[in-house]
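Geometric and topological summary
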Amino acid sequence: MSPPERVAARRLRKSTTREPIIQEPEVHETAGTHEASGAAGTDEPEATRRDAGVTESSRANRGWWDRNADDYQVEHGTFLGDDRFVWGPEGLDEIEAELLGPPEELKGKDVLEIGAGAAQCARWLAAQGARPVALDLSHRQLQHALRIGGSFPLVCADAGDLPFADASFDLACSAYGALPFVADPVRVLREVRRVLRPGGRFVFSVTHPIRWAFPDEPGPEGLSVSGSYFDRTPYVEQDEAGNAVYVEHHRTVGDRVRDVVAAGLRLVDLVEPEWPAWNTSEWGGWSPLRGNLIPGTAIFVCERD
């Protein structure tokens, strides 16, 4: 079994109609090895379930996203758009959901997007008159943000150590960014609370935790339970030397709620988007078949008192 978030990120197919968006190779160093982006060896990493701490998870995922950012943007760039704020593969759009508030009330607000990727959400926020800052662990993802353009700041940093002063932002958001990939989510949530102003709101989306009990397949085979929902052992892909090259962490719904509370935030809503009739596309393990039967995304709406 492979966890659901892994396919959203990991199962990337080369486009047959478009070249990679950024052509030049970039050398990355991960766990003592050197790889050129787009020119990695043919050996597939070993998939396993084992412990992975804060440092190992951060290092592995920074390297993975740097190596795969080009393919990710080619594969999913059309769905995500250049300036669209979508919360997950179901296609729930912030312009309709208003989880950060009515669009007309975003003008002049300081907003931090965490795990921004190519900063599509930040670009939409800027179009509403907000003052966004787009943060991502991956330098390569932020290169795509530069390619698309925008007048807001881009920051390459770890979500567990935000490089901002206390009470710097009115709002924060994260659409499938950071939280699924960190070993200590409470640390990230506490950092978010620290940089939020009193009364500030943080909204983040992750793969719905129930998906971890099912095979990560879009067809009928993905509808039968194959593992324990309560098994919180991280999913790890590792190289021949046992060094992690990709890590993802599972939290149950209850864990996520307790994490929010432990960080000093207040949970005001938990949104489970239904699969809309207009969305006929598949994204990894997400599909109309599964989406009409079991939730695929969980969105946590939190506030700092």
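In what follows, the accompanying structure is described. This one's a predicted model, so the numbers in the text were calculated from it and none came from an experiment. (Residues numbered from 1 in each chain as written. Predicted model: local features only at pLDDT ≥ 70, side-chain atom pairs only at ≥ 80, totals over all residues. Heavy atoms only, no water.)

The next subject is the overall build of the protein chain. Broken down by element type, the protein chain carries eight helices and twelve strands. Taking all 305 residues of the protein chain together, the buried fraction comes to 56%. The long-range share in the protein chain, meaning contacts at least 24 apart out of those at least 6 apart in sequence, stands at 72%. Entry remark: accessible area of the protein chain is about 12900 Å², with carbon and sulfur atoms responsible for 50%. (Helix = DSSP H or I, 4+ residues; strand = E, 2+ residues; numbered from the N terminus. Buried < 20%, exposed > 50% of the residue type's maximum accessible area, 1.4 Å probe, protein only. Contact = heavy atoms within 4.5 Å. Areas by Shrake-Rupley, 256 points an atom, 1.4 Å probe, with all protein chains shown as cover.)

Turning to its location among the elements, Gly 88 is positioned in the loop between α2 (54-80) and α3 (94-97). In this structure, the C-alpha to C-alpha distance between Gly 88 and Pro 273, residues 185 residues apart in sequence, is 8.7 Å. Every residue in contact with Gly 88, bar those within four places of it in the chain, is listed here: Phe 79, Tyr 176 and Thr 297.

We now examine the pairing of strand β4 (residues 110-114). Of all five residues in β4, five are buried, a share of seventy percent or more. Across the two faces of β4 the burial is the same, with Asp 110, Leu 112 and Ile 114 and Val 111 and Glu 113 all buried. Taken together, the five bridges between β4 and strand β5 (residues 131-136) define a ladder with parallel strand orientation. Its bridge partner being in β5, Asp 110 is matched across the sheet by Arg 131. (Pairing = 2+ DSSP bridges.)

This brings us to the nonpolar core. Leu 112, Phe 164, Phe 202 and Phe 204 are the most contacted members of the largest nonpolar core, which totals 28 residues. Only β4, β5, β7 (169-175), α6 (185-195), β8 (196-207) and β12 (297-303) provide two or more residues apiece to this core. (Core = buried A, V, L, I, M, F, W, Y, C linked by side-chain atoms within 4.5 Å.)

Before going further, it helps to examine the sheet that holds β8. Strand order across the open sheet formed by seven strands is β6-β5-β4-β7-β8-β12-β11, with mixed pairing between neighbours. The sheet is open, and its two edges are formed by β6 (154-156) and β11 (266-271), each paired on a single side. Neighbour-to-neighbour, the strand axes of this sheet turn through a mean angle of 20 degrees, independent of strand direction. With six bridges connecting them, β7 and β8 associate as parallel partners. Its bridge partner lying in β8, Leu 171 is registered against Arg 201. Contacting β4, β5 and β7, helix α4 (residues 120-127) runs over the sheet at an angle of about 175 degrees to β5. Sheet strands in contact with helix α7 (residues 253-262) are β8, β11 and β12, and its direction is about 150 degrees off that of β11. (Axes fitted to C-alpha atoms, helices over the stretch in contact; angles between N-to-C directions.)

Before going further, it helps to examine empty space enclosed by the protein. According to the stated counting rule, one finds two cavities of 30 Å³ or more in the structure shown. If you add up the space inside the largest cavity, you get close to 730 Å³. Surrounding the largest cavity, 46 residues form its lining, Gly 115, Tyr 176, Gly 177, Ala 178 and Phe 181 being those nearest its centre. Within the residue set of the lining of the largest cavity, elements represented by two or more residues are α1 (4-10), α2, β4, α4, β5 and α6. Broken down by element, the lining of the largest cavity gets its largest block of residues, ten residues, from α2. The residue inventory of the lining of the largest cavity, partitioned by class, reads 26 nonpolar, twelve polar and eight charged. Space inside the second largest cavity adds up to approximately 60 Å³. Forming the boundary of the second largest cavity are eleven residues, of which Val 206, Thr 207, Trp 212, His 249 and Arg 256 lie nearest the centre. Residue composition of the lining of the second largest cavity, grouped by class: four nonpolar, three polar and four charged. (1 Å grid on protein atoms, 1.4 Å probe; cavity = no way out; pocket = protein on both sides within 12 Å on 5 of 7 lines; lining within 4 Å. Points joined across faces, edges and corners; volume = space filled by probe spheres on them. Nonpolar A, V, L, I, M, F, W, Y, C, P; charged D, E, K, R; others polar.)

Taken together, the side chains of Leu 223, Leu 289 and Leu 293 make up a nonpolar region of the molecular surface, amounting to roughly 250 Å² of accessible area. Residue classification places Leu 289 among the partly exposed positions, given a relative accessible area of 37%. (Patch = residues over 30% accessible without salt bridge, like charges linked within 9 Å, V, L, I, M, F, W, Y side chains within 5 Å. Salt bridge = Lys/Arg side-chain N within 4 Å of Asp/Glu carboxyl O.)

Taken across its five residues, strand β10 (residues 244-248) has five buried, putting it largely inside the fold. Direction of pairing for strand β9 (residues 235-238) relative to β10: antiparallel, over a ladder of four bridges. Paired with Glu 237 across the bridge in β10 is Tyr 246. Counted between consecutive antiparallel strands, the loop separating β9 from β10 contains five residues, among which Gly 242 sits at a positive phi close to 85 degrees.

Read these as layout, nothing more, since geometry by itself doesn't imply function.
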